[in-house]
Amino acid sequence: MLTIDRATYDAIVAHAVRDHPDEACGIVAGPEGSDRPERLVEMVNAAGSPTFYEFDSTELLELYKEMWKRDEEPVVVYHSHTATEAYPSRTDIGLAGEPGAHYVLVSTRDRFTDDGNNDGPVEFRSYRIVDGEVTEEDVTVVDELPARG
Amino acid sequence: MAIEVRIPTILRTYTGGEKAVTAAGGSLSALIDDLEANHPGLKERLLDGGDLRRFVNVYVNDEDVRFIGGLDAELSDGDQVVVLPAVAGGSR
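Keep in mind it's a predicted model, so treat the numbers as computed, not measured.

(A) Fine view of the overall build of chain A. Regarding its fold elements, chain A presents three helices and eleven strands. Reading chain A from its N terminus to its C terminus gives the helix and strand order β-α-β-β-β-α-β-α-β-β-β-β-β-β. Dimensions along the principal axes, computed over C-alpha positions, put chain A at roughly 45 × 35 × 25 Å. Looking at the 149 residues of chain A, the share that counts as buried comes to 40%.

Written out as structure tokens, the structure reads:
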């Protein structure tokens, strides 16, 4: 199960809506081994595409160096689908490189009509992707993450 | 000659869980062969048909090797090599 705070959840949705019709992407870092998504990092989609996303390789290295410095890991890796459902595609599964992360998929396809934002719902779902196996998991949105144990 | 190579989580099955290993080589290509000798299977995850895999990033002293000669990138003692899988995907 993914437990995420409301502000981070809303920020991911807002990022996806803002970048629509291109795919938006980013991570939420947290202390190693904590499973706590604490620090949202919006990334630029270097592919700038409605059907593909990729972190810029230089920004990717900077991101990881910052996480290593802070003893963090990517707790959530998120991206949006803008015309299809919030389910990992074959490409997503083949390229999933963080077996410990929650892969969050957001779909903005019902949010927009041909004449713009219709304030429709944004789908937000979470998965584990390990060795090509996809397992969907529940998402619990809380006002604030519980105090660190 | 010792070069530290940072291994991403997904490839640590090849390094007995180690986050970083030491290897030797005057070029990235030679370094990968040396890694393979001690951690069999790793080379296949880095290379495809003799080239670096499209969705694997390798950095030497913070430079993406694609910009400094790819597999021919020169290495010297004390260099820092980082391997990171691309974070990428798409709806198709």
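Still to come is the rest of the account.
(B) Representation of unusual backbone geometry in the model. Residue and element names in this part refer to chain A. Between His20 and Pro21 the backbone carries a cis peptide bond, its omega angle lying at 10°. With respect to the element layout, Pro21 can be found in the loop between α1 (6–19) and β2 (25–31). The phi dihedral of Asp35 is positive, around 60°, even though this residue is not glycine. The topology assignment puts Asp35 in the loop between β2 and β3 (39–43). Owing to 15 C-beta atoms within 10 Å, Asp35 belongs among the partly exposed residues under this scheme. For Asp71, which is not glycine, the phi dihedral falls at a positive 55°. Using a count of 10 C-beta atoms within 10 Å as the deciding quantity, one classes Asp71 as exposed.

(C) Quick peek at the interface of chain B and chain A. Each partner contributes to the interface: chain B provides 18 residues, whereas chain A provides 24 residues. Pairing of strand β4 (residues 52–54) of chain A with strand β8 (residues 88–90) of chain B involves three bridges; the strand directions are antiparallel. Following the sheet pairing, A:Glu54 is matched in β8(B) by B:Ala88.

(D) Broad picture of the nonpolar core. By size, the foremost hydrophobic cluster in this structure holds 55 residues, and its most contacted members are A:Val76, A:Tyr103, A:Val104, A:Val106, B:Leu31 and B:Val81. When near neighbours in sequence (up to four residues on either side) are disregarded, B:Leu31 contacts B:Ile3, B:Ala23, B:Gly25, B:Leu75 and B:Val81.

(E) Main features of the sheet that holds strand β6 (residues 63–64) of chain B. Taken in spatial order, the five strands line up as β2-β1-β7-β5-β6 (chain B) in an open sheet, and their pairing is mixed. Edge positions in the sheet fall to β2 (20–23) and β6 of chain B, since each has one partner strand and no second. With three bridges joining them, strand β1 (residues 3–6) of chain B and strand β7 (residues 80–85) of chain B adopt parallel strand pairing. Paired with B:Arg6 across the bridge in β7(B) is B:Val82. Here helix α2 (residues 57–69) of chain A sits on the sheet in contact with β5 (56–60), β6 and β7 of chain B, set at roughly 105° to β7(B).

(F) The arrangement of the sheet that holds β2(A) in detail. Residue and element names in this part refer to chain A. Reading across from one edge, β3-β2-β5-β6-β9-β10 is the order of the six strands in this open sheet, with mixed pairing throughout. A single partner strand is all that each edge strand has here, and the edge strands are β3 and β10 (133–137). The sheet shows a mean angle of 30° between the axes of neighbouring strands, direction not considered. Here β2 pairs with strand β5 (residues 72–81) via seven bridges, running antiparallel. By the bridge assignment for β5, Pro31 is matched with Glu72. This element, α1, spans β2, β3, β5, β6 (102–107) and β9 (123–130) of the sheet and lies at about 50° to β6.

Thresholds applied
- Residues numbered from 1 in each chain as written.
- Chains lettered and ligands numbered in written order.
- Predicted model: local features only at pLDDT ≥ 70, side-chain atom pairs only at ≥ 80, totals over all residues.
- Helix = DSSP H or I, 4+ residues; strand = E, 2+ residues; numbered from the N terminus.
- Buried ≥ 20, exposed ≤ 12 C-beta atoms within 10 Å, placed from the backbone.
- Contact = placed C-beta atoms within 7 Å.
- Pairing = 2+ DSSP bridges.
- Core = buried A, V, L, I, M, F, W, Y, C linked by C-beta atoms within 7 Å.
- Axes fitted to C-alpha atoms, helices over the stretch in contact; angles between N-to-C directions.

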